[in-house]
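The primary structure of each chain is shown beneath.
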Amino acid sequence: MKTIISDIATYLPSKIVTNDDLSKILDTSHEWIYTRTGIEKRRVSAENELASDLGIAASKKILEQTNLNPLDIDAIIVSTTTADRRFPSCACRIQGAIGASRAFAFDLNAACAGFIYCLAVADSIMKSMNLKNILLVAAETLTKFVDWTDRSTCVLFGDGAGAALLKASNDESKGIIATKLYCDGEEEKYNSILSHSGSQNGNRGYTTMAGRAVFKYAIEDMTLSINEILAENNMTINNVDWIIPHQANRRILESMCKLKGFPIGKVIITTRDHANTSSASIPLALKEKMDEGQVKQGDTLLFTALGAGLVWGSAIVKL
Ligand code: UT7
């Protein structure tokens with residue numbers, strides 16, 4: 001039995017904020033942001049538009065696309081670092097809003113690596129619990145959790161959501177081939193380079209990041225996970241059609257290819273339009289490139305990501 005990605009849908013808030021818009025409120029410029037990150041614009045959710053709202057919109061689209069009866073969804077897993085509330089989870093709200101009343105539902109927070117962590121968990125429970133349909137939603141509103149006066153972080157992030165319908169299939173020729181997850185949570189070392197203060201500060205808090213350190217870890221750790229997952233599955237990069245990484249910064253991906261020998265022509269890069277949407281960035285990139293016809297059914301995809309924790313990992317999926 002295999003877990004396949006049967007369909008994917010996305011949702012982006014309507015408000016577009018360009019680098020030029022930001023240069024009017026901050027000491028920054030389009031030139032600085034674009035050359036350092038590859039980001040040109042990002043979507044910003046409305047004040048009352050929360051992570052679960054983005055997730056509900058993406059989930060409704062996928063139900064429409066697939067004609068799936070929501071009662072046939074067995075489980076809903078939501079990847080988010082920006083849940084509307086401490087509890088109940090975004091997954092519960094989405095379950096109620098789309099009428100998936102037979103599904104159990106929970107959130108999973110693995111920061112920017114959340115989509116890959118959720119794929120691993122979904123694949124595992126699909127098999128161990130004998131499920132048929134899992135809705136995996138990545139929904140993020142990081143623009144609500146940055147300090148809009150801190151130019152070193154706020155220019156980097158955007159909001160968005162992706163929903164993937166995962167199905168159990170007897171077709172062994174496609175689906176999730178492997179997932180590999182990592183975490184190094186040495187608090188002093190990593191919380192000082194990338195974290196969100198949250199209730200530690202007695203308020204909502206803000207995202208802080210030591211960009212250069214994260215840049216280095218992203219290259220080293222994503223490379224490690226790619227090389228290990230390929231080796232463990234007797235594959236090489238030649239067996240992969242597309243590398244779809246977390247879209248934090250175009251320069252990270254270009255440097256990783258240059259330093260580690262990955263073929264840049266196989267790397268999907270969508271940072272320009274979406275900025276860093278945390279765990280939503282991989283499904284957003286996948287959907288965009290499938291719609292453009294670049295990524296096709298039958299392609300072998302390698303997802304990779306690193307985020308706060310640090311957490312990181314890779315997944316290999318044949319569409
Ligand atoms: O999703 C989780 C994973 N996150 C990532 O992977 C992000 C990883 N890191 C990065 O993408 C990059 O490190 C950044 C884009 C965040 C920063 O690029 P950088 O080349 O590492 O720049 P820097 O932080 O070393 O800053 C260089 C200069 C500094 O000025 P001084 O000290 O050299 O005078 C900053 O103050 O650029 C300044 N700066 C800015 N200038 C204009 C920082 N932010 C801005 C800004 N506009 N927005």
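Keep in mind that what you see is a predicted model, and the values were worked out from it rather than measured.

Draft legend 1. Highlighting helix H11 (residues 281-291). Counting buried positions along H11 yields nine of eleven residues, so the element is predominantly enclosed. Those residues of H11 lying buried are Ser281, Ile282, Pro283, Leu284, Ala285, Leu286, Lys287, Glu288 and Lys289. Just downstream of H11, Gly293 is the residue with a positive phi angle, here 85°.

Draft legend 2. Structural detail: the sheet that holds strand E12 (residues 300-307). Read from one edge of the open sheet, four strands run E8-E13-E12-E11, paired in mixed fashion. Because the sheet does not close on itself, it has two edges, and the strands there are strand E8 (175-183) and strand E11 (242-245). Averaged over neighbouring strand pairs, the angle between their axes works out to 15° when direction is ignored. Across eight bridges, E8 lies against strand E13 (residues 311-318) in antiparallel orientation. In the sheet register, Gly175 faces E13, and the bridge partner there is Lys318. Contacting E8, E12 and E13, helix H8 (residues 211-232) crosses the sheet at an angle of about 40° to E13.

Draft legend 3. Representation of the environment of Asp53. With respect to the element layout, Asp53 can be found in helix H3 (residues 51-66). Under the relative-accessibility criterion, Asp53 is labelled partly exposed at 22%. Between the C-alpha atoms of Asp53 and Pro13, which are 40 residues apart in sequence, the distance is 9.8 Å. If we skip the residues at most four places from it in the chain, Asp53 touches Asn48 and Arg93. Within the structure, the side chain of Asp53 is placed 2.8 Å from the backbone nitrogen of Leu50, a separation counted as a polar contact.

Draft legend 4. The sheet that holds strand E1 (residues 2-11), seen in detail. Here five strands make up an open sheet; going across it, the order is E1-E7-E6-E4-E5 and the pairing mixed. Each edge of the open sheet carries a strand with a single partner, namely E1 and strand E5 (104-108). Strand-to-strand, the axes of this sheet are offset by a mean angle of 20°, without reference to chain direction. Relative to E5, strand E4 (residues 75-79) runs parallel, the two being bridged by five bridges. Following the sheet pairing, Val78 is matched in E5 by Asp107.

Draft legend 5. Representation of the packing of H3 against helix H4 (residues 90-98) within the structure. Axis separation between H3 and H4 bottoms out at 9 Å; the angle between their running directions is 45°. Classified by the angle their axes make, H3 and H4 are oblique. The two elements H3 and H4 meet at a crossing, and its hand is right-handed. Along the contact surface, H3 presents Ala51, Ser52, Asp53, Gly55, Ile56, Ser59, Lys60 and Leu63, while H4 presents Cys90, Arg93, Ile94, Ala97 and Ile98.

Draft legend 6. A look at the site of the ligand. Around the ligand sit 22 residues, and of these Thr28, Arg36, Arg212, Asn249 and Asn276 come closest. Arg212 is positioned with one of its side-chain polar atoms (N or O) 2.6 Å from an oxygen atom of the ligand. Here an oxygen atom of the ligand sits 3.1 Å away from a polar atom, N or O, in the side chain of Arg251. Across the complex, the protein chains shield 74% of the 970 Å² of accessible surface that the ligand would expose by itself. Broken down by element, the residue count for the shell around the ligand peaks at four residues, all from H8. In the shell around the ligand, the residues fall into ten nonpolar, seven polar and five charged.

Draft legend 7. The side chain of Glu49, seen in detail. Inspection of the secondary structure assignment puts Glu49 in the loop between strand E3 (41-43) and H3. One buried charged side chain, Glu49, makes no salt bridge at all; its nearest oppositely charged neighbour is Lys144, positioned 6.2 Å away. Setting aside residues up to four positions removed in sequence, Glu49 forms contacts with Tyr11, Pro13, Leu54, Thr141 and Lys144.

Draft legend 8. Up close: the pattern of salt bridges. Within this structure, the stated rule accounts for twelve salt bridges. The shortest N-O distance in the salt bridge between Asp27 and Arg151 comes to 3.4 Å. In this pair, Asp27 sits in the loop between helix H1 (19-23) and helix H2 (30-37) while Arg151 sits in helix H6 (residues 151-154), placing the two residues 124 residues apart along the sequence. The partner of Asp273 in a salt bridge is Arg272, with the nearest N and O atoms 3.3 Å apart. Judged by its relative accessible area of 42%, Arg272 is partly exposed.

Parameters at a glance
Sequence order as written defines the numbering, with residues in each chain counted from 1. The predicted nature of this model means local features are confined to residues of pLDDT at least 70 and side-chain atom pairs, given and counted, to a pLDDT of 80 or more, with totals for whole chains, interfaces and linings taken over all residues. Heavy atoms throughout the structure, all of them, feed into the side-chain values; hydrogens and water do not. The buried label applies to any residue whose accessible area, calculated with a 1.4 Å probe on protein chains only, is under 20% of its type's maximum; exposed applies above 50%, and partly exposed to all values in between. The way it works is that DSSP assigns letters per residue, a run of H or I at least four long becomes a helix, a run of E at least two long becomes a strand, and they are numbered from the N terminus. Paired strands, as defined in this entry, are two strands with at least two bridges between them according to DSSP. Angles shown run from 0 to 180 degrees and are taken between the N-to-C directions of axes, each axis being a line fitted to C-alpha atoms and, for helices, limited to the stretch in contact. Pairs of residues are marked as contacts when any of their non-hydrogen atoms sit within 4.5 Å. As used in this structure description, the phrase polar contact means that two N or O atoms lie within 3.5 Å; if the pair is within protein, one of them must be able to donate a hydrogen and the other to accept it, and residues adjacent in sequence are counted only when both atoms belong to side chains. By definition in this entry, angles of less than 35 degrees are roughly parallel, angles greater than 145 are roughly antiparallel, angles of 65 to 115 are roughly perpendicular, and the rest are oblique. Here a crossing is called left-handed whenever its near helix is offset anticlockwise from the far helix by less than a right angle, and right-handed whenever the offset is clockwise. We call a residue near a molecule or strand as soon as one heavy atom of that residue lies within 4 Å of the molecule or strand. Accessible areas in this description were obtained via Shrake-Rupley with a 1.4 Å probe; residue shielding takes into account the shown protein chains only. As a working rule, the residues Ala, Val, Leu, Ile, Met, Phe, Trp, Tyr, Cys and Pro are called nonpolar, Asp, Glu, Lys and Arg charged, and the rest polar, with Gly in that last group. In this tally, Asp and Glu contribute negative charge and Lys and Arg positive charge; neither His nor the terminal groups of the chain are included. Think of a salt bridge as a Lys or Arg side-chain nitrogen and an Asp or Glu carboxyl oxygen that are within 4 Å of each other.

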